[in-house]
Amino acid sequence: MPVVGTPPQPNYSPPCFSLEPRLLVDRAPLFFARALVLCACASPAPVSRQIRLNMAAAGNEEQTLLPDIEEEAEGMEREMESEDEEVEGMGVEHSEEEDEENTSEDERENEAEIQRLEEQLSINAFDYNCHVDLIKLLRQEGKLHRLRKARQKMSELFPLTEEIWLDWLKDEIRITEDESEREKVYELFERAVNDYLCPEIWLEYVQYSIGGMGAQGGIERVRSIFERALTAVGVHVTKGASIWEAYREFEIVILSTVQPPPGSVPSQEQQELLNAQLDRIHTLFRRQLAVPLMDMEGTYAEYSDWADDGVPETVTHQYRRALKQMEKCKPYEEALLVSETPKLAEYQAYIDFEMKEGDPARVQIIFERALAENCLVPDLWIKYNTYLDRQLKIKDLVLSAHERAVRNCPWTMSLWKSYLLALERHGTDHQTVTDVFEKALNAGFIQATDYVEIWQSYLDYLRRRVDFSKEWSRELDELRAAFARSLDYLKQDVEERFSESGDLSCTIMQIWAKIEALHCKNMQKARELWDSIMTKGNAKYANMWLEYYNLERSYGDAVHCRKALHRAVQCTSDYPEHVCDVLLNFERVEGSLEDWDAAVQKTGTKLNRVSEQRARVAIKEASQARQEEEKAEQRRKAKADKKGQKKSQKANTTGDKRKAEDDGEEEWGEEAELPSKRLRGEGDFGSTATEELMETESGLFGRRAPPRRKTEPPGFRKNQQRAPEAQRETQDVSKEQRKDENSVFVSNLAFNLEDPEGKLRTLFKGCGTVEQVRLVYTPKGVFRGYCYVQFEDRLAVPDALKLDRQEVDGRPMYVSPCVDKNKNPDFKVFKYNTSMEKHKIFISGLPYTCTKETLEDLFKEHGTIKAIRLVTNRSGKPKGLAYVEYENEAQASQAVLKMDGTMLENFTLSVAISNPPRRNMEEKAAPSRILGATMQRQPQGARGKGRTQISLLPRSLYRQSAPDAKAENGTVSVPHATVTDGVHGEPGTTSLDTQTKSLSNEDFARMLLKK
């Protein structure tokens, strides 16, 4: 038989394994040989003579090297001792006694801090940061017993991170002395690899197992751990190759021990061992080349050099296919490489790609990678568990994922709910399901309804265990006891914490009653339950009575159906007509004449009483509305009288002004400039087209410019001089040239803003090319504080909207879409979130001097802050309110618990989960200001919403309209429609049937000249 030499291994260097993680020894082959010698001595299994000789030779070689190693160690110790002596010989400022005192003082401080942390954990065992700090201090002080206990408690509540596990494993390995204690370390490794997918921990695990392969079956145990590591992380694109290479190195070292010495002829037994070991190495190469991993080309080149007969064609084909798959994955891996933690969006895209590809192992590994960096994202856990439940359906894998999910996100009820279903689906014993449910009750949900849902899930599970074909069973008693306990729990524990039970409609009691009626045929118990439901405030709701009626109709008798309907007619307050109809229809089918008469009488009495109540309510509401109108009218009259008194004090000035206006009336008939005084409904431009357009623009968001100040603000003259020119430029722009889809509406600007057009062009030039800036001025030429910015390209609008609330001269600038509300009446710019935002907190009671930096410093210790928003008024001044957005619900809940009621600059802070109130924008929105009166006006004074209601209309408008339709105040009124003074009549109103249309300046002038 030919001699089999060592295969060429040009790219290999001896592996470095050791008994302790990360303490690698340079002479690994000798270490393996020694381990094999120990294995041979400990194991009674037959070993060939040649293998024993090889082992002995390797052992002798190691023994010759051991003295050298010992001498080197002694030399290093002597050098260290000499260095210590030199340090001692140097001048030291502090004496040994002072060092001891400082050390003891530090120890006392650390011990006090340790006791404080332990007390805090006894109050709140779910304080994650407190656990981490305690473990760090105990490890620093070297208190191994208490450290082990602290780690154990934390691992029972939370999955531990990679760093905590590696420190724990290193400490336990260091204090392990005999072989019996190694099993405890193995158990610790098993717990570590179950928390998160971590290639580094698997590497430490296989390295530690190699140190124990001298025991009986040690090599097989190492191989088993390697195989499990490959299953867990072998397809990890970036880190899986390290496991494959370590496994291959291990098998190559084993190969070196079974090879015969050079020049000798191996026996048949030796050749069989050698061939089997070579097959293992070939198989590992082939398996690795079939998996898409980083640096696949290097592995393929390595195998080509290692294999004597070259790479088989089938292996090459699998390698090329894996290489193509790797090319598909590279963009996603590169995106993960350049993105910042937590990389959730990148992982979501990667997951969607792998799920589309359909390889379960790769889908699982990318989910695990994403969860390792986003372990506190409940939606990601839900998506992963749903995939495992529907696709893989492997019991150990599914239950492990569910268990890790609830440990990471215990506050998420849906994770506990799916966990209970998975336990039942895979046939887990009843005690385990019950234990998981009890843990769920102690998880600390943030809503009362979550407790109702988790109780419903558990009760559904108990109901499915009952065999209702038997009259009695232990499972049925357990179900009834659980129903009773759930009601007590919601009434006591949940209601005490949330001030509500979470089950307003008594859903659990309804289900219990239906089970008693349907399965147990116990209508008496069902009726008792429904009596209890009605006494909890549900008797006034028609739907509750109809549910009870349907139950009696299905499983009861006609007598109790009639009784239920009569009680429903008597008690229902929301939909009494419907309940009355049900009673009458029931008597048509089931009742006698006497029953029908009684039903008609009862329903008639009820409906009459309801009609009377509604009439009284309507009268009361009308009276209240009338009183409100009278109060508003009194306020308007008082305001008008006050203004009149002020006007009378300036009679001389007013007389001169009136005279000047009378002199100018002769020019009104000509086509000239508009008079300097304009009615509030008129626009700022002459043509009808521009009037209609200004109606669209100014009526866009229902905002009104503030009244003009009496004193001229800085920049007033400059803006006033620019106004006529700007107005003429705006008049020159036709309606066709104005493109709303390319424009944004800018408001809340300062009235005294210097060079508003130039500043706005500078602000918006980064969004796109600004085609025009249309500023809006008052008739006196004062800037109104809002304008329209039109771009050449509509793609610039989204970028412009991002500048909303940017400060301009100390005021927040509002930027919103430019939409014609005449064409889109339902369009609303501001939308409010009416749902609870569990990851965001609302803070009130802040000092007005509080800044974002102050809030960030105050709240960042409770989690990662994504955004902070200080609520301000229109002038940019803070209101003392703020919103802080965290990465997840847990951090927000922690901030609420820790910060609510704390003090900041003598202000008491109120912190709560963000739950904005619902807003009915249509009811609360103020009437939009419109120009040209093209829309029907709200009831108001002759001067609209001016501060005074003294009429400034010409006298010709005060007379009653003739039967023929006449144009008054910019509208065409139908017969009997009047326009009256805002002081003495219903101010500025017309008939509701009046059809309005815009009038030109000529029509308006002609109307005023009529006598």
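Scroll up a little and you will see the structure.
Residues numbered from 1 in each chain as written. Predicted model: local features only at pLDDT ≥ 70, side-chain atom pairs only at ≥ 80, totals over all residues. Heavy atoms only, no water.

A. Structural detail: the overall build of the chain. Looking only at helices and strands, one finds 36 helices and 13 strands in the chain. Within the chain, the fraction of its 1011 residues that count as buried is 41%. Counting contacts in the chain only where the partners sit at least 6 residues apart, residues at least 24 apart contribute 65% of the total. Total accessible area on the chain stands at roughly 57000 Å², and carbon and sulfur atoms take up 49% of it. (Helix = DSSP H or I, 4+ residues; strand = E, 2+ residues; numbered from the N terminus. Buried < 20%, exposed > 50% of the residue type's maximum accessible area, 1.4 Å probe, protein only. Contact = heavy atoms within 4.5 Å. Areas by Shrake-Rupley, 256 points an atom, 1.4 Å probe, with all protein chains shown as cover.)

B. Here's a closer look at the sheet that holds strand β7 (residues 865–872). Pairing within the open sheet is antiparallel, and its four strands lie in the order β7-β8-β6-β11. Either end of the sheet is taken by a strand with one partner, and the two such strands are β7 and β11 (910–914). In this sheet, neighbouring strand axes are inclined to one another by 20° on average, regardless of whether the strands run parallel or antiparallel. Strand direction decides the pairing type here: strand β6 (residues 837–844) and strand β8 (residues 878–886), joined by five bridges, are antiparallel. Bridging from a neighbouring strand, I841 pairs with V884 of β8. Of the strands in this sheet, β6, β7, β8 and β11 touch helix α33 (residues 852–859), which is tilted by about 135° from β7. (Pairing = 2+ DSSP bridges. Axes fitted to C-alpha atoms, helices over the stretch in contact; angles between N-to-C directions.)

C. Focus on a negative patch on the surface. Judged by side-chain charge, E105, D106, E107 and E109 come together as a negatively charged surface patch. When its relative accessible area of 38% is taken as the criterion, E105 is described as partly exposed. (Patch = residues over 30% accessible without salt bridge, like charges linked within 9 Å, V, L, I, M, F, W, Y side chains within 5 Å. Salt bridge = Lys/Arg side-chain N within 4 Å of Asp/Glu carboxyl O. Lys, Arg positive; Asp, Glu negative; His and termini not counted. Charge placed at Lys NZ, Arg CZ, Asp CG, Glu CD.)

D. Structural view of the pattern of salt bridges. Within the structure shown, the criterion is met by 44 salt bridges. For the salt bridge of R805 with D804, the shortest nitrogen-to-oxygen distance reads 3.9 Å. Residues joined by salt bridges that share partners form a network here, namely E111, E118, K143 and R146.

E. Spatial organisation of the packing of helix α24 (residues 542–555) against helix α25 (residues 558–571). Closest axis-to-axis distance for the α24/α25 pair is 9 Å, and the angle between their directions is 175°. Considered as vectors, α24 and α25 are oriented roughly antiparallel to each other. On α25, the residues that touch W545, Y548, Y549, E552 and R553 of α24 are H560, C561, A564, L565, R567, A568 and C571. A per-class count over the contact of α24 with α25 returns eight nonpolar, one polar and three charged. (Parallel < 35°, antiparallel > 145°, perpendicular 65-115°, else oblique. Nonpolar A, V, L, I, M, F, W, Y, C, P; charged D, E, K, R; others polar.)

F. How the structure looks around the state of the cysteines. Under the defined criterion, the tally for this structure stands at zero disulfides. You can see C375 has no disulfide; the closest cysteine sulfur is in C409, sitting 7.2 Å from it. Its relative accessible area of 18% is what places C375 among the buried residues. (Disulfide = S-S within 2.5 Å.)

G. Focus on the nonpolar core. Grouped together as the largest cluster of nonpolar side chains are 161 residues, with contacts concentrated most on F250, W416, I454 and W455. Considering every element that reaches this core, the biggest residue donor is helix α10 (residues 240–258), with ten residues. Sequence-distant contacts of W455, defined by excluding residues within four places in its chain, comprise F437, L441, A482, R485, S486, Y489, L490 and I508. In terms of nonpolar packing, the next biggest core, distinct from the first, is built from 23 residues, L749, V770, F783 and C787 among them. (Core = buried A, V, L, I, M, F, W, Y, C linked by side-chain atoms within 4.5 Å.)

H. Representation of the packing of aromatic side chains in the model. All told, the structure shown has 33 aromatic pairs when counted by the stated rule. Plain terms: the ring middles of F437 and Y458 are 4.0 Å apart, the flat faces sit at 5° to each other, and that makes the pair stacked. Of this pair, F437 sits in helix α19 (residues 430–441) while Y458 sits in helix α20 (residues 448–465); the two residues are 21 residues apart in sequence, bridging distant segments of the chain. Comparing F437 with Y458, the two get one shared label, buried. One aromatic cluster is present, formed by F437, F445, Y451, W455, Y458, Y461, Y489 and F498 through successive ring pairs. Over the aromatic face of Y186 sits the side chain of R221, whose NZ or CZ is 3.6 Å from the ring centroid. (Phe/Tyr/Trp six-rings, centres within 6.5 Å; stacked < 30°, edge-to-face > 60°. Lys NZ or Arg CZ within 6 Å of the ring centre and 35° of its normal.)

I. Just the pairing of strand β2 (residues 770–777), in detail. For β2, the buried fraction is high: seven of the eight residues fall into the buried class. Alignment of β2 against strand β3 (residues 783–791), held across six bridges, turns out to be antiparallel. In the strand pairing of β3, Q772 is matched with Q790. Linking β2 back to β3 in an antiparallel pair, the connection comprises five residues, with G781 at a positive phi of about 90°.

J. Focus on the environment of E475. Relative to the assigned elements, E475 resides in helix α21 (residues 474–498). Linking E475 and R463, residues twelve residues apart in sequence, is a C-alpha distance of 8.2 Å. Apart from residues no more than four positions distant in its own chain, E475 is found in contact with R465 and V466.

K. The arrangement of the pairing of strand β5 (residues 811–817) in detail. Burial analysis of β5 places five of its seven residues in the buried class, the great majority of the element. Both strand β1 (residues 743–747) and β5 contribute to a ladder of four bridges, which runs antiparallel. By the bridge assignment for β5, F745 is matched with S816. Linking two consecutive strands that pair antiparallel, namely strand β4 (residues 806–808) and β5, is a turn of two residues; a positive phi of about 55° is found at D809 within it.

L. Representation of the sheet that holds β4. The antiparallel open sheet is built from five strands, whose spatial order is β2-β3-β1-β5-β4. Two strands in the sheet have a free side with no partner beyond their single neighbour: β2 and β4. Going across the sheet, the axis of each strand differs from the next one's by a mean of 30°, ignoring polarity. With three bridges joining them, β4 and β5 adopt antiparallel strand pairing. Looking across to β5, one finds that V808 is bridged to R811. Sheet contacts for helix α31 (residues 756–764): β1, β2, β3, β4 and β5; angle to β2, the most-contacted strand, approximately 140°.

M. Region of interest: helix α11 (residues 268–289). Its 22 residues place the ends of α11 32 Å apart at the C-alpha level, agreeing with the 32 Å of an ideal helix rising 1.5 Å per residue. Those residues of α11 not exposed but buried are Q270, Q271, L274, Q277, L278, I281, H282, L284, F285, Q288 and L289. Buried residues in α11, looked at end-on, bunch into an arc of 155°, giving them a common side. (Expected span 1.5 Å × (residues − 1). Arc of directions from axis to C-beta.)

N. View of the packing of helix α7 (residues 182–195) against helix α9 (residues 218–233). Across the interface, α7 lies against α9 with an axial gap of 13 Å and an inter-helix angle of 10°. Taken as axis vectors, α7 and α9 run roughly parallel relative to one another. From α7, E183, Y186, E190 and V193 reach across to α9, where they touch R221, I225 and R228. Of the residues contributing to the contact of α7 with α9, the split by class is three nonpolar, no polar and four charged.

O. Examining unusual backbone geometry more closely. With an omega dihedral of 15°, the bond running from T341 to P342 counts as a cis peptide bond. Along the chain, P342 falls in the loop between α13 (313–338) and α14 (344–357). Backbone geometry at K521 places phi at a positive 55°, although glycine is not the residue there. Looking at the element boundaries, K521 is found in the loop between α22 (507–518) and α23 (523–538). Among the residues examined, K521 registers a relative accessible area of 64% and is labelled exposed. Backbone geometry at D755 places phi at a positive 50°, although glycine is not the residue there. By the secondary structure assignment, D755 is in the loop between β1 and α31. Judged by its relative accessible area of 37%, D755 falls in the partly exposed class.

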